[in-house]
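Here are the chains, one letter per residue:
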Amino acid sequence: MQALAPKTAIVITTINAPTKAVVDFAEGAKPRGVDVVLIGDQKSPKDFAQDGARYFSLEAQRESGFTYARIAPARHYARKNVGYLEAVRAGAEVIVDTDDDNIPLNSFWLPRTPNLAARRLDGAGWVNVYAYFTDAPIWPRGLPLDQVRQPPPLLSATAAAPVYCPIQQGLANENPDVDAIYRLVLPLPVDFRDETPVALGPGAWCPFNSQNTTSFPDAFSLLYLPYYCSFRMTDIWRSFVAQRIAHVNGWAIGFHKATVYQVRNEHNLMRDFEDEIPGYLHNEKIRAALDALALPAGRGEVPHAMRLCYRKLVELGLVGEGEPALLDAFLADLDGLARGSEAPE
C-alpha cells in the first residue's frame, strides 16, 4: 500500500456535511495511520461526524486550551489555524493543508520529503508556475494581473536535483485554484501535465494556496492564516510572508504535479471577485514591501520575522490592527507545544 510518511496530518476546515473529499481523505488515511483533523465553524452541522477523522467543533476548539482558539473570532477560514495546532499537538511531522472540495488522487498518498527533486529557479521576480505544467492560458490566484501574459522564465536546468523545500504546493486538476476573473471569462476544466517539479528560490515569487500544500517542521509557524483581511486573500498573503521568510533562509518553495482534483463547492463568483480586489490592487505592493524588510535568518528567528512581516501589512493598511495579537497567540501556542506543555494557558 502506498503510504505517506509516519506522523503525517491532513488539515481541513469545513462548514458542510461530510463531502466526498472528506470521506475519501478519511478512508484513505485510516489504514495508513494518517491523522485527519477537521475544523468546524459556526455554520457547521451540529451532528457532524466522520469515521477516520478527528472533528473539532467551534466549542471543542475553544475548550482545547489554545489561547488562539479562545480569542480568534468565528466565521472565518482562519479558524483552520486551530487545526494546525491540533496536528502539531498530536505529533505531526508533516502537515498537508487541503480543503473539503479537493479529492485525493492515488498519487496523493505517496511519501513526501522536504528534499524535493526539482528544477530550481532563483531571482526571477514573479513567476507563473502553472505555465510549466500546461500550455493553457491560466494563472494561479494571487498572481498580479499585469504578470498574467508574461512568459515564464527559462529554467536553469531541465534535469531535477534535490532542493530543500519545507513548503510544497501540489496542483489541483479539473478546477484549479484560479481567481474570479479567470472563472468569469475562461474555460474549465484544466488538467496539468505530470512534469518535473519546480522549486522557486530567493527572488522568485509565485502565490501558493492552502488547497494542496505540504509543510515540514521548519515551516510550521508559516502555516498561520491571517484573520483581519479578505477571505480570498488570507492564504495568498500568507504565502507571500512565507516566501519572504523562506528567501532569507535560503529555502525554496516547491511546486509539483496535481495529486488532487477539485469538485468546487458552490461560490458566488462576483462576490469572490469583490473579495479579491485587495489582491488585484496590492499584491505587488505587498511583495515589494516584504522584499524591502530586513529580516533575521535562522529557524529560531522565524516567529520574529513573521511579526515584522505582519506589522508591515498592518502599517500598509491591508491587514487589520487586531492581527498581531492573534499571531502572538498562535506563536505562543506553538512554542508551548515545542516546550512540551499540553497547551499554554
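Residues numbered from 1 in each chain as written. Predicted model: local features only at pLDDT ≥ 70, side-chain atom pairs only at ≥ 80, totals over all residues. Heavy atoms only, no water.

1. A word on unusual backbone geometry
Note the following rule: Elements are defined by DSSP. Helices are runs of H or I of four residues or more, strands are runs of E of two residues or more, and each kind is numbered from the N terminus.
Omega for the peptide link from leucine 188 to proline 189 comes to 10 degrees, which places this bond in the cis form. Within the secondary structure, proline 189 sits in the loop between helix H5 (180-185) and strand S10 (198-200). With a phi angle near 60 degrees, arginine 75 is a residue other than glycine that sits in the positive phi range.

2. Quick word on the packing of helix H8 (residues 302-315) against helix H9 (residues 323-338)
Rules: Only the stretch in contact is used when a helix axis is fitted, and all axes are lines through C-alpha atoms; the angle between N-to-C directions ranges over 0 to 180 degrees. Each angle receives one of four descriptions, namely roughly parallel if under 35 degrees, roughly antiparallel if over 145, roughly perpendicular if within 65 to 115, and oblique otherwise. Each helix crossing is assigned a hand: it is left-handed if the near helix lies turned anticlockwise from the far helix by less than a right angle, otherwise right-handed if that turn is clockwise. A contact between two residues is defined here by any heavy atoms of the two lying within 4.5 Å. Side-chain classes are defined by residue name, with Ala, Val, Leu, Ile, Met, Phe, Trp, Tyr, Cys and Pro counting as nonpolar, Asp, Glu, Lys and Arg as charged, and the others, Gly among them, as polar.
At a minimum axis distance of 10 Å, the contact between H8 and H9 shows a crossing angle of 165 degrees. Comparing the axis directions of H8 and H9 gives the class roughly antiparallel. Where H8 crosses over H9, the handedness of that crossing is right-handed. Mapping the contact onto sequence places Pro303, Met306, Arg307, Tyr310 and Val314 in H8 and Glu323, Pro324, Leu327, Asp328 and Leu331 in H9. For the contact of H8 with H9, the class distribution of residues is seven nonpolar, no polar and three charged.

3. Regarding the state of the cysteines
Note the threshold: Whenever a pair of cysteine sulfur atoms sits within 2.5 Å, that pair is classed as a disulfide. Relative accessibility under 20% of the residue-type maximum defines a buried residue, over 50% an exposed one, and the middle range a partly exposed one, all with a 1.4 Å probe and only protein chains included.
What the rule picks out here adds up to zero disulfides. Just so you know, cysteine 206 is unpaired, no disulfide at all, and the nearest cysteine sulfur is the one on cysteine 165, 13 Å from it. Owing to a relative accessible area of 1%, cysteine 206 belongs among the buried residues under this scheme. No disulfide involves cysteine 309; its nearest neighbouring cysteine sulfur is the one of cysteine 229, lying 14 Å away.

4. Quick notes on H8
Selection criterion: A helix's residues, less one, multiplied by 1.5 Å, set its expected span.
Across its 14 residues, H8 extends 20 Å between first and last C-alpha, which sits within 8% of the 20 Å expected from 1.5 Å per residue. The positive-phi residue at the C-terminal boundary of H8 is glycine 317, with phi of around 80 degrees.

5. Digging into the pattern of salt bridges
For the record, the criterion: Salt bridge, as used here: a side-chain nitrogen of Lys or Arg that lies within 4 Å of a carboxyl oxygen of Asp or Glu.
Tallied over the entire structure, the rule returns 23 salt bridges. The salt bridge partner of glutamate 86 is arginine 89, with a shortest N-O separation of 2.9 Å. With glutamate 86 and arginine 89 both in helix H4 (residues 80-89), this residue pair falls three residues apart, about one helical turn. Residue glutamate 86 is classed as buried on the basis of its relative accessible area of 4%.

6. Here's the deal with the packing of aromatic side chains
For clarity, the cut-off: Geometry of aromatic contacts follows a simple scheme: Phe, Tyr and Trp rings, the Trp one being its six-membered ring, pair when their centres are within 6.5 Å, and the pair is stacked under 30 degrees between planes, edge-to-face over 60, tilted otherwise. For a ring to carry a charge above it, either NZ of a lysine or CZ of an arginine must fall within 6 Å of the ring centroid while also lying within 35 degrees of the normal to the ring plane.
Enumeration according to the criterion identifies 16 aromatic pairs in this entry. Their ring planes at 80 degrees and their centres at 6.1 Å tell us that tyrosine 68 and phenylalanine 330 sit as a pair that is edge-to-face. Of this pair, tyrosine 68 sits in helix H3 (residues 67-71) while phenylalanine 330 sits in helix H9, placing them 262 residues apart in sequence. Ring centres 6.4 Å apart and planes at 55 degrees place the aromatic pair tryptophan 126 and tryptophan 205 in the tilted group. One end of the pair, tryptophan 126, is in strand S7 (residues 125-126); the other, tryptophan 205, is in strand S11 (residues 204-205), with 79 residues separating them in the sequence. Accessibility classification places tryptophan 126 together with tryptophan 205 in one group, the buried group. Lying over the aromatic face of tryptophan 205, arginine 287 brings its terminal NZ or CZ to 6.0 Å of the ring centre.

7. Some points on the side chain of threonine 14
Applied cut-off: Whenever a nitrogen or oxygen atom comes within 3.5 Å of another N or O atom, the pair is scored as a polar contact, on the condition that within protein one atom can donate a hydrogen and the other can accept it, and that pairs from neighbouring residues in sequence are kept only if both atoms are in side chains.
As for its position among the elements, threonine 14 is in the loop between strand S1 (8-13) and helix H1 (20-29). The class for threonine 14 is buried, based on a relative accessible area of 2%. A distance of 2.7 Å separates the side chain of threonine 14 from the side chain of aspartate 100, its partner in a polar contact.

8. Overview of a nonpolar patch on the surface
Heads up, the condition is: Patch building starts from residues that exceed 30% relative accessible area and form no salt bridge, then joins like charges within 9 Å and nonpolar side chains (Val, Leu, Ile, Met, Phe, Trp, Tyr) within 5 Å. Accessible surface is estimated by sampling points in the Shrake-Rupley manner with a 1.4 Å probe; for residues, cover comes only from the protein chains shown.
On the surface, Leu184, Val185 and Met270 cluster together to form a nonpolar patch covering roughly 300 Å² of accessible area. Relative to the helices and strands, valine 185 resides in helix H5.

9. Describing the nonpolar core
Note the threshold: As used here, the term nonpolar core means buried Ala, Val, Leu, Ile, Met, Phe, Trp, Tyr and Cys residues forming a set that is joined through side-chain atoms within 4.5 Å.
One finds Tyr68, Leu200, Leu222, Trp237, Ile245 and Met306 to be the most contacted residues of the largest nonpolar core, which totals 81 residues. Apart from residues lying up to four places away in sequence, tryptophan 237 is in contact with Cys229, Pro278, Gly279, Asn283, Ile286, Leu318 and Val319. Core analysis: the second largest hydrophobic core is formed by 19 residues, Leu4, Val94, Val96 and Ile103 among them.

10. Considerations on the environment of glycine 317
Assignment of secondary structure puts glycine 317 in the loop between H8 and H9. Taking the C-alpha atoms as reference points, glycine 317 and tyrosine 228, separated by 89 residues in sequence, lie 11 Å from one another.

11. A short note on the pairing of strand S2 (residues 35-39)
Regular strands place side chains that alternate from one sheet face to the opposite one. Selection rule: Two strands pair if DSSP finds at least two bridges between them. Here the term right-handed applies to a crossover when the path leading from its first strand over the helix to its second strand runs clockwise, the strands being oriented away from the viewer.
Most of S2 sits inside the fold, with five of its five residues counted as buried. The two faces of S2 match: Asp35, Val37 and Ile39 on one face and Val36 and Leu38 on the other face are all buried. Note that S1 and S2 share five bridges and pair parallel. Bridging from a neighbouring strand, valine 11 pairs with valine 37 of S2. Handedness of the β-α-β unit built from S1, H1 and S2 comes out right-handed.

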